[in-house]
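The primary structure of each chain is shown beneath.
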Amino acid sequence: FKAPNSPVLISSSTKKTNFKFQSTFRVISAVSYKEFADSALEETRKRVLLEPSPLQEKYSSMTGLDGKTQLQMLAFKSSKIRLLRSMAIENETMQVFDFAGFMEPKYDTPIFCANFFTSANMNIVVLDLNPLHQLTDKTDYQDKYYNNIMSIHHKYAEIFPWGGKLTGESIKFFSPLVMWTRFSSSQEKHKALFSAFLEYYQTWLEITIQVTEEMDPSQVRANREAQHKYLTWRAQKDPGHGLLRKLVGEAKAKELLRDFLFRGVNELGTKTFIDYFPEYQTEDGTVSDKRSIIGKSFETRPWDSTGRFIG
Ligand code: BLA
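Scoring rules and cut-offs
Residues numbered from 1 in each chain as written. Predicted model: local features only at pLDDT ≥ 70, side-chain atom pairs only at ≥ 80, totals over all residues. Heavy atoms only, no water. Helix = DSSP H or I, 4+ residues; strand = E, 2+ residues; numbered from the N terminus. Buried < 20%, exposed > 50% of the residue type's maximum accessible area, 1.4 Å probe, protein only. Contact = heavy atoms within 4.5 Å. Areas by Shrake-Rupley, 256 points an atom, 1.4 Å probe, with all protein chains shown as cover. Salt bridge = Lys/Arg side-chain N within 4 Å of Asp/Glu carboxyl O. Near = heavy atom within 4 Å. Polar contact = N/O pair within 3.5 Å; in protein donor to acceptor, adjacent residues only side chain to side chain. 1 Å grid on protein atoms, 1.4 Å probe; cavity = no way out; pocket = protein on both sides within 12 Å on 5 of 7 lines; lining within 4 Å. Sits in = over half its atoms within 2 Å of the grid points. Core = buried A, V, L, I, M, F, W, Y, C linked by side-chain atoms within 4.5 Å. Axes fitted to C-alpha atoms, helices over the stretch in contact; angles between N-to-C directions. Parallel < 35°, antiparallel > 145°, perpendicular 65-115°, else oblique. Left-handed = near helix turned anticlockwise from the far one by under 90°. Nonpolar A, V, L, I, M, F, W, Y, C, P; charged D, E, K, R; others polar. pLDDT = per-residue confidence, 0-100. Phe/Tyr/Trp six-rings, centres within 6.5 Å; stacked < 30°, edge-to-face > 60°. Points joined across faces, edges and corners; volume = space filled by probe spheres on them.

S.K.: Outline the overall build of the protein, supporting the account with residue identities and numerical values.
M.R.: A tally of regular secondary structure across the protein gives nine helices and twelve strands. Here the protein holds 311 residues, and the buried ones make up 51% of them. In the protein, once contacts between residues fewer than 6 apart in sequence are set aside, the share between residues at least 24 apart is 64%. Working note: accessible area of the protein is about 15,500 Å², and carbon and sulfur atoms make up 51% of it.

S.K.: Please provide a residue-by-residue account of the pattern of salt bridges, values included.
M.R.: Evaluation of the coordinates by the stated rule reveals 13 salt bridges. A salt bridge links R308 to D304, with the shortest nitrogen-to-oxygen separation between them at 3.4 Å. For R308, a relative accessible area of 53% gives the class exposed. Residue class for D304 comes out partly exposed when judged on its relative accessible area of 21%. A cluster of three or more residues bridged by salt bridges with shared partners is formed by K58, K252, E255, D259, R263 and E267.

S.K.: I'd like a rundown of the environment of W204, residues and numbers included.
M.R.: Mapped onto the secondary structure, W204 falls in helix 5 (residues 187–210). The class of W204 is buried, set by a relative accessible area of 0%. A C-alpha to C-alpha distance of 27 Å links W204 and E299, two positions 95 residues apart in sequence. When neighbours within four sequence positions are excluded, W204 is seen to be in contact with I81, L84, G101, F102, M103, P110, I111, F112 and L129.

S.K.: Quick one: what's the story with the site of the ligand, residue by residue and with numbers?
M.R.: Contacts to the ligand come from 21 residues, most closely from N115, L166, T167, S170 and R291. A distance of 2.5 Å separates an oxygen atom of the ligand from a polar side-chain atom of N115. In this structure, an oxygen atom belonging to the ligand sits 3.2 Å away from a side-chain N or O atom of K296. The site holding the ligand turns out to be the largest pocket. Counting residues per element, the ones that place at least two in the shell around the ligand are strand 6 (81–90), strand 7 (94–103), strand 8 (111–119), strand 9 (122–130) and strand 10 (166–167).

S.K.: Explain the nonpolar core to me, and be specific about the residues and the numbers.
M.R.: F99, F112, F116, F197 and L256 are the most contacted members of the largest nonpolar core, which totals 92 residues. Counting residues per element, this core draws most heavily on helix 5, at eleven residues. With sequence-adjacent residues up to four places away left out, F116 is seen in contact with Y33, F36, Q95, V96, F97, I124, V125, V126, L127, L193 and F197.

S.K.: Now, about the packing of helix 7 (residues 241–248) against helix 8 (residues 250–261): what can you tell me, with residues and values included?
M.R.: In the contact formed by helix 7 and helix 8, the axes pass within 7 Å of each other and the chain directions differ by 125°. Relative to helix 8, helix 7 is oriented oblique. Along this stretch, helix 7 crosses helix 8, giving a crossing that reads as right-handed. Residues H241, L244, R245 and V248 of helix 7 form the contact with helix 8, whose participating residues are E250, K252, A253, L256, L257 and L261. For the contact of helix 7 with helix 8, a count of residues per class yields six nonpolar, one polar and three charged.

S.K.: Requested: an account of the confidence of the model for the protein, with residues and values cited.
M.R.: Residues of the protein with pLDDT of at least 70 account for 90%, and the chain-wide mean is 90. The ipTM, which scores confidence in the relative placement of chains, is 0.96 for this predicted complex, and the corresponding pTM is 0.91.

S.K.: Which residues make up the packing of aromatic side chains, and what are the values?
M.R.: Any pair of aromatic rings gets described here by the distance separating the centres and the angle formed by the planes. In total, this model carries 36 aromatic pairs according to the counting rule given. With a centroid separation of 5.4 Å and 75° between ring planes, the pair formed by F97 and F197 is classed as edge-to-face. Residue F97 is located in strand 7, and its partner F197 is located in helix 5; the two are separated by 100 residues in the primary sequence. Neither residue differs from the other here; F97 and F197 are each classed as buried. Where F173 meets W233, the ring centres are 5.4 Å apart and the plane angle is 20°; that geometry is what we call stacked. Of this pair, F173 sits in the loop between strand 10 and strand 11 (179–184) while W233 sits in helix 6 (residues 217–237), placing them 60 residues apart in sequence. Like F173, the residue W233 is buried in the burial classification.

S.K.: Explain the layout of surface pockets to me, and be specific about the residues and the numbers.
M.R.: Counted as a void, the largest pocket has a volume near 720 Å³. Lining the largest pocket are 33 residues; nearest its centre among them are N115, I124, D238, P239 and G240. Ranked by the residues each element gives to the lining of the largest pocket, the list is headed by strand 8, at four residues.

The structure is reproduced here in structure tokens:
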């Protein structure tokens, strides 16, 4: 794998005080997530015929309300992959990466999910093959897709330990492979993150290449509804919403979420957020603004090393 950018030296402040110059230099590990996307796409093209998604014409790049923040969007499809899309956001103080792969409903394979948020010195990372079906009521799904790839989690568990309490609802969208972590920036960590990203991605890609089409219409329907539920959750409650609204404004953020990032929320099903998550219904019938009903939970990793849920 190609290593990501090495850090650059950025002058963070040059102050003039009493005729003396005080200059401070800070080493910022300026990770560029655009390279992560480029590398994943390069790996994909070695194995899969990618076509541009119709979304690419509408979404390619955007400038934030501050005139400085750049958003770069990429979107592809293949015969099996309904949507492979990436969004990278960069300005002087932060970098965001949201990369996902969604299959056609004929396939029950997991959803690829990489969400990295880097600001000042802090990183919030989720990297996972999100299960399409809930692992609690489909243990055969866990046998089918996760048991034989747990080693990729073990490989990164030490350098990227569990990130602590998180929104309780999120756990059911995560698999025992999930890398949920927070760390302060360093060249070493960003290099390891790049390796982990490509390794998780290649694992996902291999699974999507191997998978065969589901023939049973009721299973295809179940796959479609499961993906729709996932999209409905994330289009409504993803933790990045607040920041996205701040960067591009309410209307653009909503459009990006529903039409680009979680495309399919209007096409794959007709159930509403409240149909799937009735606990969020308020007295007047609207969706509660709360991010979470359960609250922050799971101080430690709720799976053992074999991938068994221990809560
Ligand atoms: C924080 N992002 C988080 C957190 C998680 C995730 C778990 C910690 C806060 C929490 O517990 O909710 C990520 N949560 C996920 C993912 C799923 C999930 C991937 O349930 C999938 C099912 N993050 C982005 C984008 C932005 C972003 C696009 O992916 C910004 C545009 C920002 N994420 C972001 C910020 C925080 C965060 C600013 C910290 C703020 C906070 O904790 O609320």
